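Coordinate analysis (summary)
Single-letter residue listing:
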Amino acid sequence: MIDTHAHLQDEMIKDYKKTITDANDAGVSKIVCASSNLENSKRAVDIANEIACVYATVGIHPEDANSYNSDSIMQLKQLAKNKKVVAIGEIGLDYYHEFASRDLQKEVFIKQIELANDLKLPVVLHTRDASGDMIEILRKYKNKLSCGVCIHCFNMSLEILKEILNYGFYISIGGIVTFSNAKNVIEIVKNCDINRLMLETDTPYLSPVPLRGTINEPKNVVFSAKRIAEILNISLNEIDEITTKNANRFFNFNR
Ligand SMILES: [Zn+2]
């Protein structure tokens, strides 16, 4: 199994080496370490350089948009030269927290879409309470997103799901699918093309049932995988095989 979205560099993860070994022991073969600002992008690249099964994304999350300056794109570009950087992310819009103004979030997001296009890398998207502006930007910039888009923790409408699948985009699903109030995410799983679905944990956040309230880890990706297998009425093996194939295709790990 591949955990396509884990913040291994988060301070809540006390011993990342043990966390990674535990994941390997539980059958997780690769982990994509997601970033949210320049500092933890550097940290993600360091961990990926150190540990073979870890890959990194680099990028500035909308919650960190205030940290963006005229130098940021150059620095991200420099980091992305590393072979183990497999995507620009997580980038996008967050109108739930709105730590930065909407205009600044959009500017920082679009600058990084253009960066991904320059570097021929896919992007990993974060979006919360911003569906309208998000889909508008994706429509407008879809030609600059031809190396791939994965919307992580996808929880938008089925109409938007249909539209982004038409664009060739992917989604990743994590612990939320195990929650008892996960009606929308369950419908998303049922309506998604299985060849565009990937697994994630969003470590250290969003621990699945029955581990809610604990610090999440990549080894827990199996709980979401089991729940998705149950919803789709197929075997866990099949989910493992298909989502692994999808992640290998999307991230092109051996670039
Ligand atoms: Zn994340």
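Our structure's up above, just so we're on the same page.
Residues numbered from 1 in each chain as written. Predicted model: local features only at pLDDT ≥ 70, side-chain atom pairs only at ≥ 80, totals over all residues. Heavy atoms only, no water.

1. So, the coordination of the zinc ion
- The protein atoms donating to the zinc ion are H5 (NE2), H7 (NE2), E90 (OE) and D202 (OD), with metal-donor distances spanning 2.2 to 2.4 Å.
- Relative to the metal, the four donor atoms surrounding the zinc ion lie at angles of 86 to 173 degrees, and the coordination shape comes out irregular.
- The buried category is assigned to D202, whose relative accessible area is 9%. (Donors = N, O, S within 2.8 Å, 3.2 Å for Na, K, Ca; no water. Tetrahedral: all angles 85-135°; square planar, octahedral: opposite > 155°, others 65-115°. Buried < 20%, exposed > 50% of the residue type's maximum accessible area, 1.4 Å probe, protein only.)

2. Thoughts on the pairing of strand β6 (residues 149-152)
- Alternating positions in β6 separate into two faces, V149 and I151 on one and C150 and H152 on the other, with burial throughout.
- Looking at chain direction, strand β5 (residues 123-128) and β6 are connected through three bridges and run parallel. If you follow V123 over to β6, its bridge partner there is V149.
- Crossover β5 to β6 through helix α5 (residues 131-141) is right-handed. (Helix = DSSP H or I, 4+ residues; strand = E, 2+ residues; numbered from the N terminus. Pairing = 2+ DSSP bridges. Right-handed = clockwise from strand over helix to strand, strands pointing away.)

3. Remarks on the environment of K120
- Within the secondary structure layout, K120 lies in the loop between α4 (102-119) and β5.
- What makes K120 exposed here is its relative accessible area of 53%.
- A polar contact of 2.9 Å, which involves the side chain of K120, links it to the backbone oxygen of N117. (Polar contact = N/O pair within 3.5 Å; in protein donor to acceptor, adjacent residues only side chain to side chain.)

4. Overview of the packing of α4 against α5
- Between α4 and α5, whose axes approach to 12 Å, the crossing angle comes to 30 degrees. By the angle between their directions, the pair α4 and α5 is classed as roughly parallel. Here α4 runs over α5; the crossing is right-handed. Across the interface between the two elements, K106, F109, I110, I113 and E114 of α4 pack against D133, M134, I137 and Y141 of α5.
- By residue class, the composition of the contact of α4 with α5 is six nonpolar, no polar and three charged. (Axes fitted to C-alpha atoms, helices over the stretch in contact; angles between N-to-C directions. Parallel < 35°, antiparallel > 145°, perpendicular 65-115°, else oblique. Left-handed = near helix turned anticlockwise from the far one by under 90°. Contact = heavy atoms within 4.5 Å. Nonpolar A, V, L, I, M, F, W, Y, C, P; charged D, E, K, R; others polar.)

5. Things to note about α4
- Look at α4: 26 Å from first C-alpha to last across 18 residues, which is about the 26 Å you get at 1.5 Å a residue.
- Within α4, burial applies to Q105, V108, F109, I110, Q112, I113, L115, A116 and N117.
- Contact partners of the buried residues in α4: α3 (72-80), β4 (85-94), β5 and α5. (Expected span 1.5 Å × (residues − 1).)

6. Remarks on the sheet that holds β6
- Pairing is parallel across the open sheet formed by eight strands, whose spatial order is β1-β2-β3-β4-β5-β6-β7-β8. Looking at the sheet topology across the chains shown, the edges are occupied by β1 (2-6) and β8 (197-199). Between one strand axis and the next, the sheet turns through 30 degrees on average, direction left out of account.
- In this sheet, β8 lies alongside strand β7 (residues 170-173) in parallel orientation, the contact comprising three bridges. By the bridge assignment for β8, I173 is matched with L199.
- Together, β4 and β5 form the strand contacts of α4, whose direction differs from that of β4 by roughly 160 degrees.

7. Overview of the nonpolar core
- By size, the foremost hydrophobic cluster in this structure holds 76 residues, and its most contacted members are I20, V54, L125, F154, I164, I171 and I173.
- If you tally residues by element for this core, the top one is α4, at six residues.
- Leaving out residues up to four positions away in the same chain, I20 has contacts with L8, I31, I47, I51, C53 and V54.
- In this structure, C150, Y170, F250 and F251 belong to the second largest nonpolar core, which totals 13 residues. (Core = buried A, V, L, I, M, F, W, Y, C linked by side-chain atoms within 4.5 Å.)

8. Structural notes on the pattern of salt bridges
- Under the definition given, this model contains nine salt bridges.
- Of the charged contacts, one joins R102 and E98 as a salt bridge, the two residues approaching to 3.2 Å between their closest N and O atoms.
- Residue classification places E98 among the partly exposed residues on the basis of a relative accessible area of 36%.
- Across the pair E163 and R139 runs a salt bridge, and its minimum N-O distance is 2.6 Å. A residue pair is termed long-range when its members are at least 10 positions apart, and E163 in helix α6 (residues 158-166) and R139 in helix α5 qualify at 24 residues.
- The class for R139 is partly exposed, based on a relative accessible area of 42%. (Salt bridge = Lys/Arg side-chain N within 4 Å of Asp/Glu carboxyl O.)

9. A look at the packing of aromatic side chains
- Summed over the entire model, instances satisfying the criterion amount to five aromatic pairs.
- Plain terms: the ring middles of Y55 and F253 are 4.6 Å apart, the flat faces sit at 55 degrees to each other, and that makes the pair tilted. On the criterion of sequence distance, the pair formed by Y55 in strand β3 (residues 54-58) and F253 in the segment after α9 (236-251) is long-range, its members being 198 residues apart. Neither Y55 nor F253 differs from the other in exposure class; each is buried. (Phe/Tyr/Trp six-rings, centres within 6.5 Å; stacked < 30°, edge-to-face > 60°.)

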